[in-house]
Amino acid sequence: MTAIHQRPSRSLTPLLVPLLIGGLVALALGVYGRVHTPTGFAVGVAGFSAALPMKVWLTTGAFVLAIVQVVSALSMWGKLGITIPPAVHRWSGRLAFVLTIPVAFHCLYALGLQYDVPRVLAHSLLGCFFYGVFTAKMLALPKRDAPGWTLPVLGGLAFTALVGLWLTSSFWFFTAIGFKV
(Lines give C-alpha, C1' and ligand atoms only; values in the text may rest on other atoms or scores of the structure.)
Protein backbone atom coordinates (compact mmCIF):
# COMPACT_ATOMS: atom_id res chain seq x y z
CA MET A 1 0.00 0.00 0.00
CA THR A 2 1.35 3.36 -0.99
CA ALA A 3 1.29 6.22 1.48
CA ILE A 4 -0.73 9.19 0.40
CA HIS A 5 1.33 12.37 0.49
CA GLN A 6 -0.62 15.39 1.50
CA ARG A 7 0.55 18.91 1.82
CA PRO A 8 0.19 20.19 5.32
CA SER A 9 -2.67 22.65 5.26
CA ARG A 10 -2.36 25.79 7.26
CA SER A 11 -5.22 26.53 9.54
CA LEU A 12 -7.36 29.64 9.36
CA THR A 13 -7.20 29.89 13.16
CA PRO A 14 -4.31 32.40 13.15
CA LEU A 15 -6.50 34.74 11.08
CA LEU A 16 -9.46 34.75 13.45
CA VAL A 17 -8.19 37.50 15.74
CA PRO A 18 -6.84 39.78 12.96
CA LEU A 19 -10.07 39.42 10.95
CA LEU A 20 -12.25 39.93 14.01
CA ILE A 21 -10.37 43.06 15.07
CA GLY A 22 -10.35 44.37 11.49
CA GLY A 23 -14.10 43.83 11.29
CA LEU A 24 -14.58 45.63 14.59
CA VAL A 25 -12.48 48.57 13.36
CA ALA A 26 -14.59 48.87 10.20
CA LEU A 27 -17.80 48.60 12.21
CA ALA A 28 -16.65 51.08 14.86
CA LEU A 29 -15.69 53.65 12.22
CA GLY A 30 -19.05 53.25 10.49
CA VAL A 31 -21.01 53.54 13.71
CA TYR A 32 -18.99 56.55 14.85
CA GLY A 33 -19.39 58.20 11.46
CA ARG A 34 -23.13 57.66 11.62
CA VAL A 35 -23.90 58.64 15.23
CA HIS A 36 -21.38 61.48 15.56
CA THR A 37 -22.78 64.92 14.78
CA PRO A 38 -20.61 66.28 11.95
CA THR A 39 -18.81 69.52 12.80
CA GLY A 40 -18.18 70.73 9.25
CA PHE A 41 -14.54 71.38 10.17
CA ALA A 42 -11.80 69.03 11.31
CA VAL A 43 -8.26 69.82 10.18
CA GLY A 44 -6.34 72.75 8.84
CA VAL A 45 -5.66 72.84 5.15
CA ALA A 46 -2.10 74.21 5.20
CA GLY A 47 -1.01 74.83 1.63
CA PHE A 48 -4.43 74.07 0.16
CA SER A 49 -7.30 76.39 -0.77
CA ALA A 50 -9.85 74.28 1.13
CA ALA A 51 -10.43 70.93 2.83
CA LEU A 52 -11.74 69.20 -0.28
CA PRO A 53 -8.64 69.83 -2.44
CA MET A 54 -6.46 68.77 0.51
CA LYS A 55 -8.32 65.48 0.79
CA VAL A 56 -8.24 64.95 -2.97
CA TRP A 57 -4.47 65.43 -3.25
CA LEU A 58 -3.60 63.42 -0.15
CA THR A 59 -5.82 60.59 -1.40
CA THR A 60 -4.15 60.82 -4.82
CA GLY A 61 -0.75 60.55 -3.13
CA ALA A 62 -1.93 57.48 -1.20
CA PHE A 63 -3.30 56.02 -4.44
CA VAL A 64 0.06 56.46 -6.23
CA LEU A 65 1.88 54.91 -3.27
CA ALA A 66 -0.61 52.02 -3.31
CA ILE A 67 0.46 51.31 -6.89
CA VAL A 68 4.06 51.27 -5.63
CA GLN A 69 2.85 48.80 -2.99
CA VAL A 70 1.47 46.43 -5.62
CA VAL A 71 4.57 46.62 -7.82
CA SER A 72 6.94 46.16 -4.88
CA ALA A 73 4.86 43.26 -3.52
CA LEU A 74 4.95 41.55 -6.91
CA SER A 75 8.73 42.03 -6.91
CA MET A 76 9.07 40.57 -3.41
CA TRP A 77 7.05 37.53 -4.47
CA GLY A 78 9.29 37.07 -7.53
CA LYS A 79 6.58 37.85 -10.08
CA LEU A 80 8.33 40.69 -11.95
CA GLY A 81 11.83 39.46 -12.65
CA ILE A 82 13.26 42.58 -11.05
CA THR A 83 14.28 43.19 -7.48
CA ILE A 84 12.82 46.08 -5.57
CA PRO A 85 14.14 46.36 -2.01
CA PRO A 86 11.56 45.34 0.63
CA ALA A 87 12.12 48.72 2.28
CA VAL A 88 10.36 50.33 -0.72
CA HIS A 89 7.28 48.24 0.07
CA ARG A 90 7.39 49.02 3.78
CA TRP A 91 7.95 52.76 3.39
CA SER A 92 5.49 53.28 0.54
CA GLY A 93 2.86 51.56 2.67
CA ARG A 94 3.68 53.63 5.72
CA LEU A 95 3.56 56.87 3.73
CA ALA A 96 0.31 55.88 2.00
CA PHE A 97 -1.27 55.15 5.37
CA VAL A 98 -0.03 58.43 6.88
CA LEU A 99 -1.51 60.36 3.94
CA THR A 100 -4.91 58.79 4.61
CA ILE A 101 -5.07 59.80 8.28
CA PRO A 102 -5.97 63.51 7.91
CA VAL A 103 -8.39 62.59 5.13
CA ALA A 104 -10.16 59.96 7.24
CA PHE A 105 -10.16 62.21 10.28
CA HIS A 106 -11.77 65.02 8.30
CA CYS A 107 -14.28 62.70 6.66
CA LEU A 108 -15.38 61.12 9.94
CA TYR A 109 -15.26 64.13 12.22
CA ALA A 110 -16.39 66.88 9.87
CA LEU A 111 -18.76 64.97 7.58
CA GLY A 112 -19.66 61.65 9.19
CA LEU A 113 -20.88 58.58 7.34
CA GLN A 114 -23.29 59.85 4.72
CA TYR A 115 -25.76 57.83 2.68
CA ASP A 116 -27.88 60.33 0.74
CA VAL A 117 -25.83 60.16 -2.49
CA PRO A 118 -24.78 56.71 -3.82
CA ARG A 119 -21.22 57.86 -4.60
CA VAL A 120 -20.81 59.26 -1.09
CA LEU A 121 -22.32 56.15 0.50
CA ALA A 122 -19.91 53.94 -1.46
CA HIS A 123 -17.04 56.23 -0.43
CA SER A 124 -18.05 56.08 3.24
CA LEU A 125 -18.35 52.30 3.26
CA LEU A 126 -15.08 51.85 1.35
CA GLY A 127 -13.31 54.06 3.89
CA CYS A 128 -14.53 51.93 6.79
CA PHE A 129 -13.64 48.76 4.90
CA PHE A 130 -10.16 50.06 4.03
CA TYR A 131 -9.22 50.69 7.65
CA GLY A 132 -10.71 47.37 8.72
CA VAL A 133 -8.83 45.32 6.13
CA PHE A 134 -5.65 47.35 6.70
CA THR A 135 -5.88 46.54 10.42
CA ALA A 136 -6.40 42.86 9.66
CA LYS A 137 -3.40 42.84 7.30
CA MET A 138 -1.11 44.51 9.82
CA LEU A 139 -2.17 42.07 12.54
CA ALA A 140 -1.72 39.09 10.19
CA LEU A 141 1.82 40.11 9.15
CA PRO A 142 3.62 38.43 12.05
CA LYS A 143 1.50 35.26 11.82
CA ARG A 144 3.93 32.82 10.21
CA ASP A 145 1.42 29.98 10.53
CA ALA A 146 -1.25 31.78 8.48
CA PRO A 147 -2.11 30.45 5.02
CA GLY A 148 0.19 31.65 2.23
CA TRP A 149 -2.61 33.56 0.52
CA THR A 150 -3.29 35.75 3.57
CA LEU A 151 -1.10 38.76 2.80
CA PRO A 152 -1.76 38.85 -0.96
CA VAL A 153 -5.52 38.68 -0.38
CA LEU A 154 -5.62 41.23 2.44
CA GLY A 155 -3.19 43.50 0.59
CA GLY A 156 -5.27 43.15 -2.57
CA LEU A 157 -8.44 44.03 -0.68
CA ALA A 158 -6.76 47.09 0.89
CA PHE A 159 -5.54 48.16 -2.56
CA THR A 160 -8.98 47.64 -4.08
CA ALA A 161 -10.62 49.65 -1.31
CA LEU A 162 -8.11 52.48 -1.77
CA VAL A 163 -8.70 52.50 -5.53
CA GLY A 164 -12.44 52.68 -4.83
CA LEU A 165 -11.87 55.53 -2.40
CA TRP A 166 -9.81 57.38 -5.00
CA LEU A 167 -12.42 56.83 -7.71
CA THR A 168 -15.28 58.04 -5.49
CA SER A 169 -13.38 61.11 -4.30
CA SER A 170 -10.32 62.33 -6.19
CA PHE A 171 -11.30 61.07 -9.63
CA TRP A 172 -14.81 62.47 -9.12
CA PHE A 173 -13.34 65.81 -8.00
CA PHE A 174 -10.92 66.03 -10.95
CA THR A 175 -13.66 65.26 -13.48
CA ALA A 176 -16.49 67.27 -11.88
CA ILE A 177 -14.62 70.25 -10.44
CA GLY A 178 -11.15 70.28 -11.96
CA PHE A 179 -7.58 70.42 -10.75
CA LYS A 180 -7.47 72.76 -7.77
CA VAL A 181 -4.93 73.09 -5.04
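Please read all numbers here as calculations on a predicted model, not as lab measurements.

What counts, and at which threshold
- Counting restarts for each chain, with residues numbered from 1 along the sequence as it is written.
- At least 70 in pLDDT is required for a residue's local features to be given in this predicted model, at least 80 for side-chain atom pairs to be given and counted, and no such filter applies to totals for whole chains, interfaces and linings, which use all residues.
- Excluding hydrogens and water, the side-chain figures rest on all heavy atoms present in the structure.
- Put simply, DSSP marks the helices as runs of H or I at least four residues long and the strands as runs of E at least two long, and each gets a number from the N terminus on.
- Think of it in three bands: residues with accessible area under 20% of the maximum for their type are buried, residues over 50% are exposed, and the middle band is partly exposed, with areas taken using a 1.4 Å probe on protein chains only.
- For this count, His and the chain ends are skipped, Lys and Arg are scored as positive, and Asp and Glu as negative.
- Salt bridges are identified by distance alone: a Lys or Arg side-chain nitrogen within 4 Å of an Asp or Glu carboxyl oxygen.
- Any pair of residues with heavy atoms lying within 4.5 Å of one another is described as a contacting pair.
- UniProt positions are given in the numbering used here, feature names are shortened, and annotations may be inferred rather than shown by experiment.
- Residue types Ala, Val, Leu, Ile, Met, Phe, Trp, Tyr and Cys, when buried and joined through side-chain atoms within 4.5 Å, form a set referred to as a nonpolar core.
- One less than the residue count of a helix, multiplied by 1.5 Å, gives the span that helix is expected to have.
- In this scheme, the bend at a residue equals the angle between the axes fitted to the seven residues that finish there and the seven that begin there.
- Throughout, an axis means a line fitted to C-alpha atoms (over the contacting stretch in the case of helices), and angles, computed between N-to-C directions, take values from 0 to 180 degrees.
- An angle counts as roughly parallel when it lies under 35 degrees, as roughly antiparallel when it exceeds 145, as roughly perpendicular when it falls between 65 and 115, and as oblique in every other case.
- A clockwise turn of the near helix away from the far one marks a right-handed crossing, whereas an anticlockwise turn of less than a right angle marks a left-handed crossing.
- Gly counts as polar in this scheme, as do all residues outside two lists: the nonpolar Ala, Val, Leu, Ile, Met, Phe, Trp, Tyr, Cys and Pro, and the charged Asp, Glu, Lys and Arg.
- Here a polar contact means two N or O atoms within 3.5 Å. Within protein one must be a hydrogen donor candidate and the other an acceptor candidate, and residues neighboring in sequence count only if both atoms are side-chain atoms.

(A) Here's a closer look at the side chain of Lys-137. Position of Lys-137 relative to the elements: it lies in helix H4 (residues 118–140). Of the side chains with opposite charge, Asp-145 comes closest to the buried, unpaired Lys-137, at an N-O distance of 17 Å. Beyond its immediate stretch of four places on either side in the chain, Lys-137 contacts Gln-69, His-89, Leu-151, Leu-154 and Gly-155.

(B) Fine view of the UniProt feature "transmembrane region" (unreviewed entry) in the protein chain. Mapped onto this numbering, the UniProt entry annotates "transmembrane region" (unreviewed entry) at residues 12–32, 52–74, 95–115, 121–141 and 153–174. When the span residues 12–32 is considered, its composition is 95% helix and 0% strand, and the gap between its end C-alpha atoms is 30 Å. Secondary structure within residues 95–115 divides into 81% helix and 0% strand; the distance between the first and last C-alpha atoms comes to 29 Å.

(C) Main features of the nonpolar core. Counting 17 residues, the largest nonpolar core has Phe-130, Leu-154 and Leu-162 as the members making the most contacts within it. Residue assignment for this core shows that the elements contributing at least two residues are helix H2 (51–76), helix H3 (86–111), H4 and helix H5 (150–176). If sequence neighbours within four positions are ignored, Leu-154 has contacts with Leu-19, Val-133, Ala-136, Lys-137 and Ala-140. Among the nonpolar cores identified, the runner-up in size contains seven residues, and Val-43, Met-54, Cys-107 and Ala-110 belong to it.

(D) Structural context of helix H1 (residues 13–35). In this model, H1 (23 residues) spans 33 Å end to end at C-alpha, consistent with the 33 Å of a helix rising 1.5 Å per residue. For H1, every residue scored as buried is listed here: Pro-14, Leu-15, Pro-18, Gly-22, Ala-26, Gly-30 and Gly-33. Residues of H1 that are buried make contact with H3, H4 and H5.

(E) Just H3, in detail. Over its 26 residues, H3 extends 37 Å from the first C-alpha to the last, a length consistent with the 38 Å expected when each residue adds 1.5 Å. Considering bend angle alone, the principal kink of H3 is centred on Ile-101 and spans about 25°; proline Pro-102 follows within four residues of it. Listed as buried for H3 are His-89, Ser-92, Gly-93, Ala-96, Thr-100, Val-103, Ala-104, His-106, Cys-107, Leu-108 and Ala-110. In this fold, the buried residues of H3 make contact with H1, H2, H4 and H5.

(F) Up close: the packing of H1 against H4. Where H1 meets H4, the closest approach of the two axes is 7 Å, and the angle between their N-to-C directions is 155°. Taken together, the axes of H1 and H4 are roughly antiparallel relative to one another. For H1 against H4, the interelement crossing comes out right-handed. Residues Leu-15, Pro-18, Leu-19, Ile-21, Gly-22, Val-25, Ala-26, Leu-29 and Gly-30 of H1 lie in contact with H4, whose contacting residues are Cys-128, Phe-129, Tyr-131, Gly-132, Thr-135, Ala-136, Leu-139 and Ala-140. Grouping the constituent residues of the contact of H1 with H4 by class yields 13 nonpolar, four polar and no charged.

(G) Highlighting the side chain of Ser-92. Within the secondary structure layout, Ser-92 lies in helix H3. Ser-92 sits in the buried class, given a relative accessible area of 4%. Here Gln-69 takes part through its side chain, which lies 2.8 Å from a polar atom of the side chain of Ser-92. A distance of 3.2 Å separates the side chain of Ser-92 from the backbone oxygen of His-89, its partner in a polar contact. Ignoring sequence-local partners within four residues, the contact set of Ser-92 consists of Leu-65, Val-68, Gln-69 and Ser-72.

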